[in-house]
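# A closer look at the structure
Below, each chain spelled out in residue letters.
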Amino acid sequence: YDEPYSWSPDFPYFPLTDDSCNDTVSPVPPYDFGTSDDICTVASESSLFEHRLADTAIDWLDYFMNQSSYPNFFFAVGFYRPHLKWIVPLWAYERYANMSWTPLAQPSLPREIHNIAWSDEAAGSITLAGRRYENAGPFSQAFPDDVSNELRKGYYAAVTWMDSQLGRILERIKQVEDNTIIVVSSDHGY
């Protein structure tokens with residue numbers, strides 16, 4: 001982190017700002033319990049990082065596309081969600097609010113698998129409705145079924161939210177360009 005952002009000489013690097021469940025993003029029910037919760041629904045999507053990033057990406061694309069002769073260029077946009085905390089607009093959560101999933105038949109690792117195959121990096125502990133739940137470990141069910149169900153809702157909502165922002169950028173590209181290669185990548189299993 002001690003080197004300049006050399007890949008963006010003409011445009012400033014868009015810094016990650018981690019949203020939190022507080023008044024700056026106007027949390028609304030069903031999850032509006034404060035900064036400790038790992039799922040948060042908000043009324044205004046325009047305050048969230050992904051929305052601001054998509055707006056900026058669209059502005060940059062417009063800049064390039066409005067040049068009389070724009071060069072070939074590489075353009076990278078890095079969304080943060082669906083990482084925890086799942087801070088999403090209420091509309092994204094509502095798509096899954098009434099869903100429930102069948103509990104896993106095998107909610108833990110099988111005993112014969114080496115414990116190196118397990119990691120609690122993604123969810124060592126979870127806070128919902130102000131209550132903290134600790135991941136029970138590789139050979140026990142990680143979280144109670146009702147908590148796992150809520151986590152799935154939050155995760156699905158976060159994926160839907162990020163997908164909608166990527167969709168905004170892709171729509172803008174489709175309006176102006178038909179000679180574009182688009183690569184979508186992820187840093188891990190999220």
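The coordinates are above.
Bear in mind that the values here come from a model prediction, so they are computed numbers and not experimental data. Starting from 1, residues in each chain are numbered consecutively following that chain's sequence as written. Whole-chain, interface and lining totals are the exception, using all residues; otherwise, since this is a predicted model, local features are given only for residues with pLDDT of at least 70 and side-chain atom pairs are given and counted only at 80 or more. The basis for every side-chain value is the complete set of non-hydrogen atoms in the structure, without hydrogens or water.

### Some thoughts on the side chain of T160
Going along the chain from the N terminus, every DSSP run of H or I of four or more residues is numbered as a helix, and every run of E of two or more is numbered as a strand. Mapping T160 onto the fold places it in helix α3 (residues 145-176). Looking at T160, its side chain comes within polar contact range of the side chain of Y96, at 2.5 Å. If we ignore the near neighbours within four places in the chain, the residues touching T160 are W91, R95 and Y96. Polar contacts here mean pairs of N or O atoms no more than 3.5 Å apart (in protein, one a potential hydrogen donor and the other a potential acceptor; neighbouring residues in sequence count only if both atoms are side-chain atoms). Contacts are assigned to residue pairs that have any heavy atoms within 4.5 Å of one another.

### Remarks on the nonpolar core
Residue types Ala, Val, Leu, Ile, Met, Phe, Trp, Tyr and Cys, when buried and joined through side-chain atoms within 4.5 Å, form a set referred to as a nonpolar core. Each residue is assigned to one of three classes by its accessible area relative to the maximum for its type, calculated with a 1.4 Å probe on protein chains only: buried under 20%, partly exposed between the two thresholds, exposed over 50%. If you look at the biggest cluster of nonpolar residues, it comprises 21 residues, and the most contacted ones within it are V88, L128 and L151. Of all elements in the fold, only β2 (39-42), β3 (86-89), α2 (90-94), β4 (125-128) and α3 reach the threshold of two or more residues within this core. Per-element tally for this core: the top contributor is α3, with five residues. In contact with L151, other than residues within four places in its own chain, are I39, W86, I126, L128 and F143. Among the nonpolar cores identified, the runner-up in size contains 12 residues, and M65, M162, I169 and I173 belong to it.

### Description of unusual backbone geometry
Cis geometry is adopted by the peptide bond preceding P82, which originates at R81 and carries an omega value of 20°. Tracing the sequence through the fold places P82 in the loop between α1 (49-65) and β3. Phi is positive for A129, which is not a glycine, with a value near 50°. Following the sequence through the fold, A129 ends up in the loop between β4 and β5 (131-134). Owing to a relative accessible area of 47%, A129 belongs among the partly exposed residues under this scheme.

### A few points about the packing of aromatic side chains
Two aromatic rings, drawn from Phe, Tyr or Trp (for Trp, its six-membered ring), form a pair once their centres lie within 6.5 Å of each other, and the interplanar angle then sorts them: stacked below 30 degrees, edge-to-face above 60, tilted otherwise. Counted according to the given criterion, the structure contains five aromatic pairs. With centroids separated by 5.9 Å and ring planes inclined at 65°, the aromatic side chains of W86 and Y155 adopt a geometry described as edge-to-face. Of the two residues, W86 sits in strand β3 while Y155 sits in helix α3, which places them 69 residues apart along the sequence. Relative accessible area serves as the criterion here: at 6%, W86 is assigned to the buried category. Assessed through its relative accessible area of 24%, Y155 is described here as partly exposed.

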